[in-house]
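# Structural description and commentary
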Amino acid sequence: MKPAPALAEGFPDLSGMRIAREPHWFRWLSAALIILVLAVIARAFANGQIEWSYVSRFLTVKVILEGIANTMVMAVLAMLLGIFLGIVVAVMRLSPNPVLKTVAAGYTWFFRGTPLILQLLLWFNLALVFPTIGIPGLWSARAVDVMTPFLAALLGLGINQGAYTSEVMRAGMLSVDIGQYEAAQAIGMGRLRALRRIVLPQAMRVVIPPLGNEFIGMVKATSLASVIQYPELLHNAENIYYANSRVIELLIVAGLWYLLVVSILTPLQMLLERRFARGTLRLAR
Amino acid sequence: MTKPLVAIRSVSKNFGEFQALKSVSLDVWPGEVMCLIGASGSGKTTLLRCINQLAMIDAGGIWLDGELLGVREHGGKLHRLSEREIGRQRLKTGMVFQRFNLFPHKTALENITEGPTQVQGRKADEVRGEAIELLRRVGLAAKANSYPAQLSGGQQQRVAIARALAMKPMLMLFDEPTSALDPELVGEVLAVMKELAKSGMTMMVVTHELGFAREVADRVVYMDQGAIVEQGRASDVLGAPREERTKAFLSAVI
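None of these values were measured; they are calculated from a predicted model.

### As for the overall build of chain B
Assigned secondary structure in chain B consists of nine helices and 12 strands. Radius of gyration (C-alpha) of chain B: 18 Å, near the 18 Å computed for a compact globule of 254 residues. For chain B, buried positions account for 54% of its 254 residues. Relative to all contacts within chain B whose residues are 6 or more apart in sequence, the contacts with residues 24 or more apart total 65%. Accessible surface, chain B as shown: approximately 11200 Å² in total, 49% of it carbon and sulfur.

### Here we look at a nonpolar patch on the surface
All names here are of chain A. A surface patch of nonpolar side chains, amounting to about 590 Å² of accessible area, comprises Ile34, Val37, Leu38, Ile41, Phe45 and Trp52. Element by element, the count of residues in the nonpolar patch is highest for helix 1 (residues 25-47), at five residues. Take tryptophan 52: it is sitting in helix 2 (residues 52-59).

### Points about empty space enclosed by the protein
Gaps left between atoms are located by rolling a probe of water-molecule size over the structure's atoms. Under the definition given, this model contains one cavity of 30 Å³ or more. A volume near 50 Å³ is recorded for the largest cavity. Every residue along the wall of the largest cavity is listed here: Ala183, Ala186 and Ile187 of chain A together with Gly94, Met95, Phe97, Arg163 and Ala164 of chain B. At the level of secondary structure, the elements contributing two or more residues to the lining of the largest cavity comprise helix 8 (178-186) of chain A together with strand 8 (93-96) and helix 5 (153-165) of chain B. Grouping the constituent residues of the lining of the largest cavity by class yields six nonpolar, one polar and one charged.

### Looking at the pairing of strand 2 (residues 18-28) of chain B
All names here are of chain B. In this structure, strand 1 (residues 6-15) lies alongside strand 2, joined through seven bridges in antiparallel fashion. By the bridge assignment for strand 2, alanine 7 is matched with aspartate 27. Following strand 1, the chain reverses through two residues before pairing antiparallel with strand 2; glycine 16 in that reversal takes a positive phi of roughly 65°.

### Brief notes about unusual backbone geometry
Residue and element names in this part refer to chain B. Phi at phenylalanine 100 is positive, roughly 65°, even though this residue is not glycine. Here phenylalanine 100 lies in the loop between strand 8 and helix 3 (108-119). Residue classification places phenylalanine 100 among the buried positions, given a relative accessible area of 9%.

### Topic: the sheet that holds strand 4 (residues 59-64) of chain B
Residues and elements named next belong to chain B. Pairing is antiparallel in the open sheet, where four strands are placed in the order 2-1-4-5. Two strands lie at the open edges of the sheet, namely strand 2 and strand 5 (67-68), each paired on one side alone. Here strand 1 pairs with strand 4 via five bridges, running antiparallel. Its bridge partner lying in strand 4, valine 6 is registered against leucine 64.

### Side note on the packing of helix 3 of chain B against helix 5 of chain B
Residues and elements named next belong to chain B. In contact at an axis separation of 8 Å, helix 3 and helix 5 are set at 25° when each is read in the N-to-C sense. Here helix 3 is positioned roughly parallel relative to helix 5, judged by the angle of their axes. Our pair here, helix 3 against helix 5, has a crossing hand that is right-handed. Residues Ala108, Asn111 and Ile112 of helix 3 lie in contact with helix 5, whose contacting residues are Val159, Ala162 and Arg163. Across the contact of helix 3 with helix 5, the residue classes tally to four nonpolar, one polar and one charged.

### Re the sheet that holds strand 11 (residues 219-224) of chain B
Residue and element names in this part refer to chain B. Spatial ordering of the open sheet is given by 8-9-10-3-11-12, a layout of six strands whose pairing is mixed. The open sheet terminates on both sides in strands that have one partner only, identified here as strand 8 and strand 12 (227-232). Recorded for the sheet is a direction-independent mean angle of 20° between the axes of neighbouring strands. Two elements, strand 9 (residues 171-175) and strand 10 (residues 202-206), share five bridges in a ladder whose sense is parallel.

### Here's the deal with the environment of glutamate 51 of chain A
Residue and element names in this part refer to chain A. As for its placement among the helices and strands, glutamate 51 is situated in the loop between helix 1 and helix 2. You can call glutamate 51 partly exposed: its relative accessible area is 38%. Put simply, glutamate 51 and arginine 246 are 195 residues apart on the chain and 8.3 Å apart in space, counted from C-alpha to C-alpha.

### Thoughts on helix 1 of chain A
Taking 1.5 Å of rise per residue, the 23 residues of helix 1 of chain A would be expected to cover 33 Å, and the 33 Å separating its terminal C-alpha atoms lies within 8% of that figure. Summarising burial for helix 1 of chain A: zero of the 23 residues are buried, a small minority.

### Here we look at the interface of chain B and chain A
Counting residues at the interface gives 26 residues for chain B, matched by 24 residues for chain A. Here chain B meets chain A over a buried area of about 2300 Å², counting both sides, of which 52% is carbon and sulfur. Looking only at chain B, the three residues that lose the most surface to chain A are His105, Gln118 and Tyr147 of chain B, adding up to 25% of its buried area. Linking chain B with chain A are two salt bridges. Across the pair glutamate 182 of chain A and arginine 49 of chain B runs a salt bridge, and its minimum N-O distance is 2.5 Å. Remark: the boundary between chain B and chain A carries seven residue pairs in polar contact (both at pLDDT 80 or more). Counting only elements with at least two residues in the side of chain B that touches chain A, the list comes to helix 2 (83-90), strand 8 and helix 3 of chain B. Sort the elements by how many residues they give to the side of chain B that touches chain A and helix 3 of chain B lands first, with four residues. Residues that form the side of chain B that touches chain A fall into these classes: 11 nonpolar, nine polar and six charged.

What counts, and at which threshold
Residues numbered from 1 in each chain as written. Chains lettered and ligands numbered in written order. Predicted model: local features only at pLDDT ≥ 70, side-chain atom pairs only at ≥ 80, totals over all residues. Heavy atoms only, no water. Helix = DSSP H or I, 4+ residues; strand = E, 2+ residues; numbered from the N terminus. Rg over C-alpha atoms; globule rule 2.2 N^0.38 Å. Buried < 20%, exposed > 50% of the residue type's maximum accessible area, 1.4 Å probe, protein only. Contact = heavy atoms within 4.5 Å. Areas by Shrake-Rupley, 256 points an atom, 1.4 Å probe, with all protein chains shown as cover. Patch = residues over 30% accessible without salt bridge, like charges linked within 9 Å, V, L, I, M, F, W, Y side chains within 5 Å. Salt bridge = Lys/Arg side-chain N within 4 Å of Asp/Glu carboxyl O. 1 Å grid on protein atoms, 1.4 Å probe; cavity = no way out; pocket = protein on both sides within 12 Å on 5 of 7 lines; lining within 4 Å. Points joined across faces, edges and corners; volume = space filled by probe spheres on them. Nonpolar A, V, L, I, M, F, W, Y, C, P; charged D, E, K, R; others polar. Pairing = 2+ DSSP bridges. Axes fitted to C-alpha atoms, helices over the stretch in contact; angles between N-to-C directions. Parallel < 35°, antiparallel > 145°, perpendicular 65-115°, else oblique. Left-handed = near helix turned anticlockwise from the far one by under 90°. Expected span 1.5 Å × (residues − 1). Buried area = accessible area lost by both parts, 1.4 Å probe. Polar contact = N/O pair within 3.5 Å; in protein donor to acceptor, adjacent residues only side chain to side chain.

Right, dumping it as structure tokens:
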């Protein structure tokens, strides 16, 4: 073979030439079509039997604002209860103790296996099973007085959420490398301390996106508590339209509020994700 | 007369059908640097993991500083110690892992202070001073606030050594500390280990770095199929092995 020349001939110089912009005709066309469809839907609603003045009037009425406040209080408290139970149950599930393991699996099986609305009704009607509750000889009360709509909703939503959250937490803990447990043990940590200091903080990074998902689900699941008279957003909206028959208008009011709350939650989740991403390469200082 | 810091007597360990250790006995003397060599699967890593109880032995006994590890003799039977007592026994050993296992959500400094503050319950500012001194000792004083992901493999392993030293162990265990490193980073970790050996620390090092063994080890132990085949001075075992299996291993790796 001949010695190769410095550079072969026949390949033109492309430096200084730009890559042309694609016209993307199909994108323009499909976007235009979608806008058209949306416009048709909007026009239908504008001309339909909806009194938009009622929507704007009831959007900020006191009962609705109280409803959204109750919805948020319940969503936050029930989610906290759910996360607490979820962590406890996930730790039990991963423990070497067969009794703890079985109890945890049974809890998840039962509360995931029955409808949430049924569980809410069961809690609310607990008085039918146990007319009085308490510690014999120390304290007792009538179950109807104790099991308020608030408590029934909190227990129903929170305990149900715990069953789902435990699986999310378990997945998060399993995602942490076994070497992290070993390193924690090697510096003398017990199982629980290793979980709290080393494993859970790392699991949180994995767990926050699905937990955000669960929390958004929770905000909307609180509407089921309307069946047990908890005065959350949908319940209050219903009460108004029972009186004035403006059904669609008030459902739109409730829907707008749910959308608004969920829209605010998404950026909050991103802030939280950044907080727990400490030390990962992507966001390292 | 001095006593061995570690006394291993007839220790066996099985993983299902596989016999990882077959009645191994060995003494490690205070201040000694011992290198364990052998093919993968020969049981040298398992032996280290049994000493700091990341693996529980199936038969025999290990005494560290005169104390029986993992079990207590009572009424002619052995009873397993509680997790708390095993944790206390682990504090006498420091472990350095092949894959570093630094805590990724903590800075280099926080990795080092975690054990002394959380496990030993010592004061944060006092521990902090010691941790900075340890980082200086492994040549990483400038990296105190870096996260593990921002450090090279060699730097991570040096932080891991500092983390283990922060617990003030009597014995340091190294499980192939340079095997996961790029070749150009091996030297900096070995240099830290040499300095540590010179300071009088008792060390057990599972390694494939025969040069390090030759230079630093007081004793080299060659293991094969869960048993100790040959042991002695580094120059003897590596330079003039007596056993056929040792010869075969050495000619294969060099």
